[in-house]
Amino acid sequence: MPPESKRVPPNLRREVAQRANQLCEYCRCPAEFSADSFTIDHIQPRQLGGVTTLENLAWACFGCNGRKHIKTTCVDPSTGESVALFNPRQQNWHEHFS
Ligand SMILES: [Zn+2]
């Protein structure tokens, strides 16, 4: 089986952007107001076995994607515990960030 291409096919990229209404799925910044181009984020990073499927992709601004990088968890500063980062496919943004 050939290795998975690193590029997200244009039709899949368009579908991810449309599903997100052109908003970053992490900070809700509209793509039209961003100076940088938006990127496709692998929610489960490829380096950790994530695949390039609609279910595992998120539309993300350059800043959010850069900060997230290959992380799936972070330390909660109020508890010191490791917690899972927001997953736009499994969690509701308004509930998670309220
Ligand atoms: Zn963002």
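Our structure's up above, just so we're on the same page.
J.: Just to check I follow, could you spell out the overall build of the protein for this structure?
T.: Helix and strand counts for the protein come out as three helices and four strands. Overall, the protein shows an N-to-C arrangement of helices and strands of α-β-β-α-β-β-α. Against the globule reference of 13 Å for 98 residues, the protein gives a C-alpha radius of gyration of 14 Å, in line with a compact fold. Principal-axis analysis of the C-alpha atoms places the extent of the protein at approximately 40 × 35 × 25 Å. Going through the 98 residues of the protein one by one, you find that 12% of them count as buried. Within the protein, counting contacts between residues at least 6 apart in sequence, those at least 24 apart form 51% of the total.

J.: Would you take a moment to explain the nonpolar core for this structure?
T.: A general feature of soluble globular proteins is that nonpolar side chains tend to end up buried together. Judged by nonpolar contacts, Cys24, Tyr26, Phe38, Leu57, Ala58, Trp59, Ala60, Cys61 and Cys64 together constitute the single largest core of nine residues. Not counting residues within four places of it along the chain, the set of residues in contact with Leu57 comprises Val8, Val16, Ile40, Asp41, His42 and Thr52.

J.: Explain unusual backbone geometry to me, please; I cannot follow it from the model alone.
T.: It is generally the case that most residues other than glycine have a negative phi and that most peptide bonds are trans. One non-glycine residue, Gln22, lies in the positive phi region at around 65°. Within the secondary structure, Gln22 sits in the loop between helix 1 (10–19) and strand 1 (39–42). Residue classification places Gln22 among the partly exposed positions, given that 14 C-beta atoms sit within 10 Å. Its identity is not glycine, yet Arg28 carries a phi of approximately 70°, on the positive side.

J.: Would you mind going over the environment of Lys71 with me for this structure?
T.: By the secondary structure assignment, Lys71 is in the loop between helix 2 (62–68) and strand 3 (73–75). Accessibility expressed as a C-beta count within 10 Å gives 11 for Lys71, which makes it exposed. Placed 41 residues apart in sequence, Lys71 and Pro30 show a C-alpha to C-alpha distance of 23 Å.

J.: Would you mind showing me how to read the environment of Gln47 here?
T.: Tracing the backbone shows Gln47 in the loop between strand 1 and strand 2 (57–60). Expressed as a C-alpha distance, the spacing of Gln47 and Pro10, which sit 37 residues apart in the sequence, is 21 Å.

J.: Looking at this structure, I do not really get the environment of Arg89. What am I missing?
T.: Mapped onto the secondary structure, Arg89 falls in the loop between strand 4 (82–84) and helix 3 (93–96). Judged by the 12 C-beta atoms lying within 10 Å of it, Arg89 falls in the exposed class. Along the backbone, Arg89 and Pro9 are 80 residues apart, and their C-alpha atoms lie at a distance of 20 Å.

Rules behind the numbers
- All residue numbers refer to positions counted from 1 along the written sequence of the respective chain.
- Residues qualify for local features only when their pLDDT is at least 70, as the model is predicted, and side-chain atom pairs are given and counted only at 80 or more; totals for whole chains, interfaces and linings, by contrast, use all residues.
- For helices the rule is a DSSP run of H or I covering at least 4 residues; for strands it is a run of E covering at least 2, with both sets numbered from the N terminus onward.
- Each radius of gyration reported is based on C-alpha atoms, and the globular scaling rule is 2.2 Å times the count of residues to the power 0.38.
- The burial criterion counts other C-beta atoms lying within 10 Å of a residue's C-beta, which is placed from the backbone; the residue is buried at 20 or more, exposed at 12 or fewer, and partly exposed between these limits.
- We call two residues in contact if the C-beta atoms placed from their backbones are at most 7 Å apart.
- For our purposes the nonpolar core covers buried Ala, Val, Leu, Ile, Met, Phe, Trp, Tyr and Cys residues that link as a set through C-beta atoms within 7 Å.

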